[in-house]
Amino acid sequence: MTDQISLSPPDVGALEETYLVEALRSGWVAPTGPAVTAFEREIAERCGRAHAVATSSGTAALHLALMTLGVGPGDLVAVPTLTFAATANAVSYTGAEAVFVDVDPNTGNLDPELFANLCTELSRTGRRPAAVLPVDLYGRCADYDELLPLCDRYGVQVIEDAAEALGSTYRGRPAGSFGRAAVLSFNGNKIMTTSGGGMLLSDDQDLADRCRYLSTQARQPVAHYEHLDVGYNYRLSNLLAALGRAQLHRLDDMIARRRILRDGYAKLFAATDGVRLLGADDPDANCWLTSIVVDPYRTGWTAADLAAHLTAADIETRPLFKPMHLQPVFSGAHTVLSGVAQRLFEHGLSLPSGSAIRDVQVHRIFDAVAGFLARPASR
Ligand SMILES: *Cc1c(COP(=O)(O)O)cnc(C)c1O
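Residues numbered from 1 in each chain as written. Predicted model: local features only at pLDDT ≥ 70, side-chain atom pairs only at ≥ 80, totals over all residues. Heavy atoms only, no water.

**Describing the overall build of the protein**
Along its length, the protein carries 13 helices and 13 strands. In terms of overall size, the protein behaves like a compact globule, its C-alpha atoms giving a radius of gyration of 21 Å where 379 residues would be expected to give roughly 21 Å. Projected onto the principal axes, the alpha-carbon positions of the protein cover approximately 75 × 60 × 35 Å. For the protein, buried positions account for 53% of its 379 residues. A separation threshold of at least 6 residues defines the contact pool for the protein, and within that pool the share at least 24 residues apart is 73%. Here the protein holds 33 positive side-chain charges and 43 negative ones, and the gap between their average locations is 1 Å. (Helix = DSSP H or I, 4+ residues; strand = E, 2+ residues; numbered from the N terminus. Rg over C-alpha atoms; globule rule 2.2 N^0.38 Å. Buried < 20%, exposed > 50% of the residue type's maximum accessible area, 1.4 Å probe, protein only. Contact = heavy atoms within 4.5 Å. Lys, Arg positive; Asp, Glu negative; His and termini not counted. Charge placed at Lys NZ, Arg CZ, Asp CG, Glu CD.)

In structure tokens:
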């Protein structure tokens, strides 16, 4: 019996235990408290932002960001079609409609040219997207040098979905520092975790205050529970914030560990014609997930063949996200497509990338991949 190797298991240990127990013993077992405040300050600093609001999930933070930027029914919001459903779901919560835009073949991130086409097309009838949600896919920052000037020109508000990208930088600027607001996730499979949680980041004090207010049931600051707005229960627990503070201490080590895995995969596949690593030429990415893209006509095998081989060896892999425009729930949505996201979905595979994967497990993965590549061709 071998133990199952997961794609991106949580990486928690003694430091997390210490912080968690300390928070528990402090008596602050509530969705507020000193660990939340400290965690917000530390994340804001790490991301180069003036304000941070800790939330119960990244999805909640996306919802708050969209609402406070005034996005609602009748609005269009541009979303890269290759993303996790949370990005698009948050748009739906507001009553706005997502427009799914295709992606760059090298990075899987929002294609700036297609986004520009959408803006031009809408401007012909005097319209524009109310907002765009660039996603830093698998930890690689979107192409902000191209996107931000376009957003300025067309008057489109930017919310950075940096759920997968904490610790990455783009031309020296941290992920989470782009747009009117940015969102992080601390879900169990992300680069660091609070078991579940998220963060809204902004340089705009009013926006951050409004998000904090809406995230605590929109309670007025009086004793008798006075409410002027519909609110939400979106705050992060103090215990989980303590866990997050411990994880943040270890973030750079965890990123370094993921980079070792990525470099190992790059070496493994270097001699295989027809396999490339998705967006892996970025030295400033956090390497959250390392994914390959297979050209089966050149390799003689498919991504699914490799997945089956690794599954048989108790090693987890995942296809890339199924594009949003192919999801039944979003059928009929507006789209600007090139076919790239669908091809990446059909030929891509994410490989085990977690920092908690031990050395012996790394060797097992690399041996299994090498064994697959060395096997006699089946055709
Ligand atoms: C994980 C993720 C989210 C949602 O975060 P949760 O904390 O799970 O709600 C949003 N967008 C992207 C791109 C993600 O990967």
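**Section: the site of the ligand**
Taken together, the neighbourhood of the ligand is formed by 15 residues, with Gly58, Thr59, Glu164, Ser185 and Lys190 sitting nearest. With respect to the ligand, the side chain of aspartate 161 contributes an N or O atom lying 2.8 Å from a nitrogen atom. Elements supplying a minimum of two residues to the shell around the ligand: α3 (58–68) and α4 (85–93). For the shell around the ligand, a count of residues per class yields four nonpolar, eight polar and three charged. (Near = heavy atom within 4 Å. Polar contact = N/O pair within 3.5 Å; in protein donor to acceptor, adjacent residues only side chain to side chain. Nonpolar A, V, L, I, M, F, W, Y, C, P; charged D, E, K, R; others polar.)

**Comments concerning the pattern of salt bridges**
For the structure on display, the rule yields 20 salt bridges. The shortest N-O distance in the salt bridge between arginine 358 and aspartate 3 comes to 3.5 Å. With a gap of 355 residues between them, arginine 358 in the loop between β13 (348–351) and α13 (359–374) and aspartate 3 in the segment before α1 (14–26) connect regions that are remote in the sequence. When its relative accessible area of 44% is taken as the criterion, arginine 358 is described as partly exposed. For the salt bridge of arginine 298 with aspartate 273, the shortest nitrogen-to-oxygen distance reads 2.9 Å. Here aspartate 273 lies in the loop between α9 (251–269) and β10 (275–277) and arginine 298 lies in helix α10 (residues 296–299), a separation of 25 residues in the sequence. For aspartate 273, a relative accessible area of 48% gives the class partly exposed. (Salt bridge = Lys/Arg side-chain N within 4 Å of Asp/Glu carboxyl O.)

**Details of the sheet that holds β13**
Taken together, the three strands give an open sheet; going across it, the order is β10-β11-β13, and neighbouring strands pair in antiparallel fashion. The sheet terminates laterally at β10 and β13, the two strands that pair on one side only. Taken pair by pair, the neighbouring strands of this sheet meet at an average axis angle of 30 degrees, ignoring direction. Bridge count for strand β11 (residues 290–294) against β13 is four bridges, and the pairing is antiparallel. If you follow isoleucine 292 over to β13, its bridge partner there is leucine 349. Strand contacts of helix α11 (residues 303–312): β11 and β13, with the helix running at about 30 degrees to β13, the strand carrying the most contacts. (Pairing = 2+ DSSP bridges. Axes fitted to C-alpha atoms, helices over the stretch in contact; angles between N-to-C directions.)

**Comments concerning the domain arrangement of the protein**
Accessible area lost upon the coming together of the parts is a frequently used measure of interface size. Here the protein is partitioned into domain 1 (14–249) and domain 2 (251–373). Distance from the C-alpha centre of domain 1 to the C-alpha centre of domain 2: 25 Å. On the side of domain 2, 37 residues touch domain 1, which itself brings 41 residues to the contact. Together, the buried faces of domain 1 and domain 2 total about 3300 Å²; carbon and sulfur atoms form 59% of this surface. Connecting domain 1 to domain 2 are three salt bridges. Ionic pairing is found between arginine 140 and aspartate 282, a salt bridge with its closest N-O pair at 4.0 Å. Our count for the domain 1 to domain 2 interface comes out at 22 residue pairs in polar contact (both at pLDDT 80 or more). (Domains from an automatic or database assignment. Buried area = accessible area lost by both parts, 1.4 Å probe.)

**Considerations on the sheet that holds strand β2 (residues 76–80)**
Across the sheet, eight strands lie side by side as β1-β9-β8-β5-β4-β2-β3-β12; this open sheet has mixed pairing. Either end of the sheet is taken by a strand with one partner, and the two such strands are β1 (51–55) and β12 (334–336). The pairing of strand β3 (residues 97–101) with β12 spans three bridges and is classified as parallel. Within β12, the position partnered with valine 99 by the bridge is histidine 334. The sheet contacts of helix α7 (residues 205–215) involve β1, β8 (181–185) and β9 (198–202), and relative to β1 the element is tilted by about 15 degrees.

**Concerning α11**
For α11, the full list of buried residues reads Ala303, Leu306, Ala307 and Leu310. Buried residues of α11, viewed axially, fall in a sector of 100 degrees; they line one side. Facing away from the buried side of α11 by over 90 degrees, the exposed positions are Ala304 and Ala312. The elements touched by buried residues of α11 are α9, β11, α12 (340–347), β13 and α13. (Arc of directions from axis to C-beta.)

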